[in-house]
Amino acid sequence: MISVGDDPEVRARGMQAFAKHMHSHPFWQHDPAFDGERALRESDFFSDEEFVELPIAKEVFLPSGARRIMGIAFEHAGYVVTVVGHRVVGRPAFSDEERDRMQGFRPHILRGYRQAHERTLAALTPSDRLRLAFPALTPRQIEVASWIAQGKSNEEIAAILGVGLDAVKAHVKAINSKIDSDSRRAAIVIAHTTPPFADLPPLWKLGLEG
């Protein structure tokens with residue numbers, strides 16, 4: 001939620017309240033299994049009188065100035081993507097025509113998201129994948145893992161980093177444990193192929209180099 005005036009404290013309270021109340025009705029959860037290919041509005045489920053009495057409305061939407069809500073959801077590559085529009089208090093409800101228009105845009109938005117997803121994945125280096133997929137790895141472990149992914153031996157990595165061989169071996173052991181790898185070959189495959197975006201923002205907003 002973005003508060004009116006973008007007050008960080010108001011926004012934080014809104015996010016906490018949304019997390020608390022989002023399971024009160026399927027409409028708030030943006031589950032593609034429930035939404036299907038439809039564009040849904042709050043007015044599809046609640047009358048005006050019912051909406052303003054909902055805890056999620058009182059604690060999340062109305063304090064942020066949001067009154068009318070319409071959105072679509074779709075699943076791609078294990079992620080749920082939602083596009084939601086809000087109108088501020090005092091604006092009219094979303095019409096059937098506007099709902100149909102948003103519903104018509106859904107396949108185009110999905111196609112654009114898929115293309116962005118593919119472009120971003122193609123640009124990822126092994127170290128990018130490991131950093132994003134395994135946040136428990138330390139910067140040094142990611143550095144060692146990226147050299148492993150390039151086919152370097154422990155001895156070569158030790159020389160590149162200017163550290164002892166035992167230190168590299170310790171890093172390799174920790175890396176294998178954190179990424180659930182049982183061999184050097186498995187670690188290389190993981191570094192080049194693991195899906196990196198389990199709990200992150202849209203792919204094109206990750207601040208990747210290049």
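About the criteria used
Residues numbered from 1 in each chain as written. Predicted model: local features only at pLDDT ≥ 70, side-chain atom pairs only at ≥ 80, totals over all residues. Heavy atoms only, no water. Salt bridge = Lys/Arg side-chain N within 4 Å of Asp/Glu carboxyl O. Helix = DSSP H or I, 4+ residues; strand = E, 2+ residues; numbered from the N terminus. Buried < 20%, exposed > 50% of the residue type's maximum accessible area, 1.4 Å probe, protein only. Phe/Tyr/Trp six-rings, centres within 6.5 Å; stacked < 30°, edge-to-face > 60°. Lys NZ or Arg CZ within 6 Å of the ring centre and 35° of its normal. 1 Å grid on protein atoms, 1.4 Å probe; cavity = no way out; pocket = protein on both sides within 12 Å on 5 of 7 lines; lining within 4 Å. Points joined across faces, edges and corners; volume = space filled by probe spheres on them. Pairing = 2+ DSSP bridges. Contact = heavy atoms within 4.5 Å. Axes fitted to C-alpha atoms, helices over the stretch in contact; angles between N-to-C directions. Expected span 1.5 Å × (residues − 1). Bend = angle between axes of the 7 residues up to and from the residue.

### A few points about the pattern of salt bridges
Line of reasoning, step 1. Summed over all chains, the structure comprises 14 salt bridges.
Line of reasoning, step 2. Of the charged contacts in the structure, one is a salt bridge between arginine 68 and glutamate 42, with a shortest N-O distance of 3.1 Å. In this pair, arginine 68 is assigned in strand β2 (residues 66-76) and glutamate 42 in the loop between β1 (40-41) and α3 (48-53), connecting sequence segments 26 residues apart. Summarising the burial analysis for this pair, arginine 68 and glutamate 42 share the class buried.
Line of reasoning, step 3. For arginine 68, the salt bridge goes to aspartate 48, with nearest N and O atoms at 3.1 Å. With arginine 68 in strand β2 and aspartate 48 in helix α3, this residue pair connects regions lying 20 residues apart in the sequence.
Line of reasoning, step 4. Put simply, Arg41, Asp44, Asp96, Arg99 and Asp100 are held in one network by salt bridges that share partners.

### Section: the packing of aromatic side chains
Line of reasoning, step 1. Considering all chains together, one arrives at 8 aromatic pairs under this definition.
Line of reasoning, step 2. An angle of 35° between the planes, with centres 5.9 Å apart, marks the rings of phenylalanine 34 and phenylalanine 45 as tilted. On the criterion of sequence distance, the pair formed by phenylalanine 34 in helix α2 (residues 32-35) and phenylalanine 45 in the loop between β1 and α3 is long-range, its members being 11 residues apart.
Line of reasoning, step 3. Relative to phenylalanine 46, the ring of phenylalanine 45 lies with its centre 6.4 Å away and its plane at 55°, an arrangement referred to as tilted.
Line of reasoning, step 4. Overall, the relative accessible area of 27% leaves phenylalanine 45 in the partly exposed class.
Line of reasoning, step 5. Taking relative accessible area as the criterion, phenylalanine 46 reaches 12% and is therefore assigned buried.
Line of reasoning, step 6. A network of ring pairs unites the aromatic residues Phe18, Phe27, Trp28, Phe34, Phe45, Phe46 and Phe61 as a single cluster.
Line of reasoning, step 7. Against the face of phenylalanine 34 rests arginine 38, its NZ or CZ located 5.6 Å from the ring centre.

### Overview of empty space enclosed by the protein
Line of reasoning, step 1. The final tally for this structure, using the stated rule, is 1 cavity of 30 Å³ or more.
Line of reasoning, step 2. Taken as a whole, the largest cavity encloses approximately 40 Å³ of empty space.
Line of reasoning, step 3. In terms of residues, the lining of the largest cavity owes the most to one element, helix α9 (residues 165-179), which gives 3 residues.

### Here we look at the sheet that holds β1
Within a sheet, each strand pairs with its neighbour through backbone hydrogen bonds, oriented either parallel or antiparallel.
Line of reasoning, step 1. Across the sheet, which stays open at both edges, the 3 strands sit in the order β1-β2-β3 with antiparallel pairing between neighbours. Here the strands that pair on one side only, and so sit at the sheet edges, are β1 and β3 (79-88).
Line of reasoning, step 2. Relative to β2, β1 runs antiparallel, the two sharing 2 bridges. Across the sheet, the residue bridging to arginine 41 is methionine 70, located in β2.
Line of reasoning, step 3. Relative to β2, helix α5 (residues 96-123) is tilted by about 40°, and along the sheet it contacts β1, β2 and β3.

### Let's talk about α5
Line of reasoning, step 1. Between its first and last C-alpha, α5 extends 41 Å over 28 residues, near the 40 Å set by a 1.5 Å rise per residue.
Line of reasoning, step 2. Along α5, the sharpest kink reaches roughly 35°, centred on arginine 106 and followed within four residues by the proline proline 107.
Line of reasoning, step 3. Turning to α5, its buried residues are Met102, Arg106, Leu110, Tyr113, Ala116, His117 and Thr120.
Line of reasoning, step 4. Residues of α5 that are buried sit in contact with β2 and β3.

### Description of unusual backbone geometry
Negative phi characterises most residues that are not glycine, and trans characterises most peptide bonds.
Line of reasoning, step 1. Unusually for a residue other than glycine, histidine 30 sits at a positive phi of about 50°.
Line of reasoning, step 2. Of note, histidine 30 is situated in the loop between α1 (8-21) and α2.
Line of reasoning, step 3. On the basis of relative accessible area, histidine 30 is assigned to the buried category, the value being 16%.
Line of reasoning, step 4. We note that aspartate 180 has phi near 60°; this positive angle belongs to a residue other than glycine.
Line of reasoning, step 5. For aspartate 180, the location among the structural elements is in the loop between α9 and α10 (184-193).

Fair warning: the whole summary comes from geometry, so function is off the table for now.
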